[in-house]
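Below, each chain spelled out in residue letters.
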Amino acid sequence: MSPKSQEPPYLLAAQAGSVVRHLHSSLRAGESASPADLCRTIGALQQLADDLVQVLPGLQGQLEECLLAGQVGAGDTAAEAWDKVADVGYALAQARTGGLLMAAELRVSRRTLGELASS
């Protein structure tokens with residue numbers, strides 16, 4: 001996976017979160033959008049979910065590398081540090097599974113919305 005931006009990943013994640021919060025505010029305010037806009041929005045959310053699914057395993061790998069390099073877990077015993085890294089890995093795997101499910105459902109929603117808009 002090659003990066004598309006020179007921005008640090010945490011800034012990109014913050015920007016994505018900001019966009020989703022803005023979308024949520026717009027929806028709560030009752031702002032209406034055309035079916036085409038809704039379809040594009042769902043498509044963008046689907047792409048975000050797909051991207052998250054791709055990046056999560058890499059985060060686990062980087063965490064393991066940081067542990068081996070002594071950059072994390074310095075205050076813990078080796079077993080405690082590995083247990084914590086394993087816990088994070090499990091949580092990331094669960095998040096990836098959720099992301100896969102969300103991306104699949106967003107694809108279905110986008111396709112159905114597209115069919116609805118074209119009829």
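Reading the values: the criteria
- Once a new chain begins, its residue numbering starts again from 1 and follows that chain's sequence as written.
- Totals for whole chains, interfaces and linings use every residue, but because this is a predicted model, local features are given only for residues with pLDDT of at least 70 and side-chain atom pairs only at 80 or more, for both listing and counting.
- Water and hydrogen atoms were dropped before computing side-chain values, which therefore reflect all heavy atoms in the structure.
- Confidence scores labelled pLDDT are given residue by residue by the predictor and lie between 0 and 100.
- Helical segments are the DSSP runs of H or I of at least four residues, strand segments are the runs of E of at least two, and each set is numbered from the N terminus.
- By the convention used here, residues are in contact when the closest approach between their heavy atoms is within 4.5 Å.
- Every axis corresponds to a line fitted to the C-alpha atoms, with the helix fit spanning only the stretch in contact, and the corresponding angles, defined between N-to-C directions, vary from 0 to 180 degrees.
- Note that the term roughly parallel is reserved for angles under 35 degrees, roughly antiparallel for angles over 145, roughly perpendicular for angles of 65 to 115, and oblique for everything else.
- Helix crossings get a hand from a simple test, with the near helix turned counterclockwise from the far one by less than a right angle marking a left-handed crossing and a clockwise turn marking a right-handed one.
- The classification used treats Ala, Val, Leu, Ile, Met, Phe, Trp, Tyr, Cys and Pro as nonpolar, Asp, Glu, Lys and Arg as charged, and all other residues, Gly among them, as polar.
- When a carboxyl oxygen of Asp or Glu is within 4 Å of a side-chain nitrogen of Lys or Arg, the pair counts as a salt bridge.
- Think of it in three bands: with a 1.4 Å probe and only protein chains considered, a residue is buried below 20% of the maximum accessible area for its type, exposed above 50%, and partly exposed in between.
- Given the number of residues in a helix, its expected span is that number minus one, multiplied by 1.5 Å.
- What qualifies as a polar contact is a pair of N or O atoms within 3.5 Å, subject to a donor-acceptor requirement within protein and to the restriction that residues adjacent in sequence count only when both atoms come from side chains.

**Student:** Break down the confidence of the model for the protein for me, with residues and values.
**Tutor:** When the pLDDT values of the protein are averaged, the result is 87; 96% of them are 70 or greater. Within the protein, the lowest mean pLDDT, 83, falls on helix H1 (residues 9-28), and the highest, 92, falls on helix H3 (residues 78-118).

**Student:** Let's hear about the environment of Gln60: which residues, and what values?
**Tutor:** Structurally, the position occupied by Gln60 is in helix H2 (residues 35-68). Sequence spacing of Gln60 and Gly89 is 29 residues, and the spatial spacing of their C-alpha atoms is 5.7 Å. Beyond its immediate stretch of four places on either side in the chain, Gln60 contacts Val85, Val88, Gly89 and Leu92.

**Student:** Please set out the packing of H2 against H3 residue by residue, giving values where relevant.
**Tutor:** H3 packs onto H2 with a crossing angle of 165° between their chain directions and a minimal axis gap of 8 Å. The orientation of H2 relative to H3 falls into the category roughly antiparallel. Relative to H3, H2 is oriented so that their crossing is left-handed. Taken together, the residues of the contact of H2 with H3 break down into 25 nonpolar, six polar and five charged.

**Student:** I'd like a description of the pattern of salt bridges, backed by residues and values.
**Tutor:** This structure, assessed with the given rule, holds three salt bridges. With a shortest N-O distance of 2.3 Å, Asp37 and Arg40 are connected by a salt bridge. Placement of both Asp37 and Arg40 in helix H2 is noted, with a separation of three residues, approximately one turn of the helix. By relative accessible area, which is 32% here, Asp37 ends up partly exposed. The exposure class of Arg40 is exposed, given its relative accessible area of 53%.

**Student:** Lay out H3 in plain terms, naming residues and giving numbers.
**Tutor:** With 41 residues, H3 extends 59 Å between its outermost C-alpha atoms, agreeing within 8% with the 60 Å of an ideal straight helix rising 1.5 Å per residue. Of the positions making up H3, those classed as buried are Ala81, Val85, Gly89, Leu92, Gly99, Ala103, Leu106 and Leu113. Tucked inside the fold, the buried residues of H3 contact H2.

**Student:** If you had to explain the environment of Gln47 to someone new, which residues and values would you point to?
**Tutor:** With respect to the helices and strands, the residue Gln47 is situated in helix H2. In this structure, the C-alpha to C-alpha distance between Gln47 and Ala103, residues 56 residues apart in sequence, is 7.6 Å. At 2.8 Å, the side chain of Gln47 forms a polar contact with the side chain of Asp51.

**Student:** An account of the side chain of Gln60 is needed here, citing residue identities and associated values.
**Tutor:** On the basis of relative accessible area, Gln60 is assigned to the buried category, the value being 13%. A polar contact of 2.8 Å, which involves the side chain of Gln60, links it to the side chain of Glu64.

**Student:** Could you give me a rundown of the packing of H1 against H2, with the residues and numbers involved?
**Tutor:** Where H1 contacts H2, the axes come no closer than 12 Å and their chain directions differ by 150°. The two elements H1 and H2 cross, and the hand of that crossing is left-handed. On H2, the residues that touch Ala16, Val20 and Leu23 of H1 are Thr41, Leu45 and Leu48. For the contact of H1 with H2, a count of residues per class yields five nonpolar, one polar and no charged.

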